[in-house]
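Below are the chains, spelled out letter by letter.
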Amino acid sequence: MATAKTAPFYLTAAVTLSDTNYTQTTIPLGSYIDVASKQAIAILEVDYVAQHLTSFSANLPSDRVVDYQVTDISQTALVRADDANLISAGALGFDLSPPTFSNQNKLYPDSFGTLEAARMVVNDDLFFGAQTSSVSTAGNFAVVRIKCQVVKLSEKDFMA
């Protein structure tokens, strides 16, 4: 069983959605992981936020859907829900008139719960990507907040 080496902490990343193409950024993990010591990052929760680019409001400039994903391999587009590299995915539906939000976790669970149920990552990087169905001149950006902790894996966990 994995044992915690740190208290839970948050990693955050953001991408600017300037057009309807997939946009991705890298979240470096190299300073947290020591494979020789069987250390990994345990992902406990993943939260997504979409905000207006200039006002930082959740009230986006127009109707849109924003798709988000966190993977452990670099991607060039959104991946299927059964992709082994997909850690978490979500979507936001926004209707401007009247302002109505619909959040959807496309991969359950995005809250992994206990350390025993956490997603273990031994890669040097995570990748956060998003795309939107429409873009206005004001634009918007997507943010991910990942609650995680450094853990030491048992021999059995490390092999799995």
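Cut-off values and rules
Residues numbered from 1 in each chain as written. Predicted model: local features only at pLDDT ≥ 70, side-chain atom pairs only at ≥ 80, totals over all residues. Heavy atoms only, no water. Helix = DSSP H or I, 4+ residues; strand = E, 2+ residues; numbered from the N terminus. Buried < 20%, exposed > 50% of the residue type's maximum accessible area, 1.4 Å probe, protein only. Contact = heavy atoms within 4.5 Å. Areas by Shrake-Rupley, 256 points an atom, 1.4 Å probe, with all protein chains shown as cover. Polar contact = N/O pair within 3.5 Å; in protein donor to acceptor, adjacent residues only side chain to side chain. Core = buried A, V, L, I, M, F, W, Y, C linked by side-chain atoms within 4.5 Å. Phe/Tyr/Trp six-rings, centres within 6.5 Å; stacked < 30°, edge-to-face > 60°.

Visitor: Would you mind showing me how to read the overall build of the protein here?
Guide: When its secondary structure is counted, the protein shows 1 helix and 10 strands. Counted from the first residue to the last, the protein has its helices and strands arranged as β-β-β-β-β-β-β-β-β-β-α. Across the 160 residues in the protein, those meeting the buried criterion constitute 40%. For the protein, contacts bridging at least 24 residues in sequence account for 77% of all contacts bridging at least 6. Working note: accessible area of the protein is about 8100 Å², and carbon and sulfur atoms make up 52% of it.

Visitor: Explain the side chain of Q69 to me, please; I cannot follow it from the model alone.
Guide: Considering the arrangement of structural elements, one finds Q69 in strand β5 (residues 64-71). Taking relative accessible area as the criterion, Q69 reaches 2% and is therefore assigned buried. Within the structure, the side chain of Q69 is placed 3.2 Å from the backbone oxygen of A77, a separation counted as a polar contact. Engagement of the side chain of Q69 in a polar contact is seen with the backbone nitrogen of V79, the distance being 3.0 Å. Not counting residues up to four positions away in its chain, the partners in contact with Q69 are Y22, Y48, Q75, A77, L78, V79, L86, S88, A89, F127, F128 and G129.

Visitor: Hey, could you run me through the nonpolar core in this one?
Guide: A general feature of soluble globular proteins is that nonpolar side chains tend to end up buried together. I43, Y68, F128, V144 and I146 are the most contacted members of the largest nonpolar core, which has 30 residues in total. Counting residues per element, the ones that place at least two in this core are β2 (9-17), β4 (39-52), β5, β6 (86-95), β9 (125-132) and β10 (140-152). Listed in part, the 8 residues of the second largest apolar core include A42, A118, V151 and L153.

Visitor: Would you mind going over the packing of aromatic side chains with me for this structure?
Guide: Per the counting criterion, the structure on display carries 4 aromatic pairs. Here F9 and Y32 contribute two aromatic rings whose centre-to-centre distance is 5.2 Å and whose plane-to-plane angle is 25°, an arrangement assigned as stacked. Separated by 23 residues along the polypeptide, F9 in strand β2 and Y32 in the loop between β3 (23-28) and β4 bring together distant segments of the chain. A residue is classified by how much of its surface remains accessible, and F9, at 19% relative accessible area, is buried. Look at Y32 and you get partly exposed, because its relative accessible area is 27%. Here F56 and F141 contribute two aromatic rings whose centre-to-centre distance is 6.1 Å and whose plane-to-plane angle is 80°, an arrangement assigned as edge-to-face. With F56 in the loop between β4 and β5 and F141 in strand β10, this pair connects stretches of sequence that are 85 residues apart.

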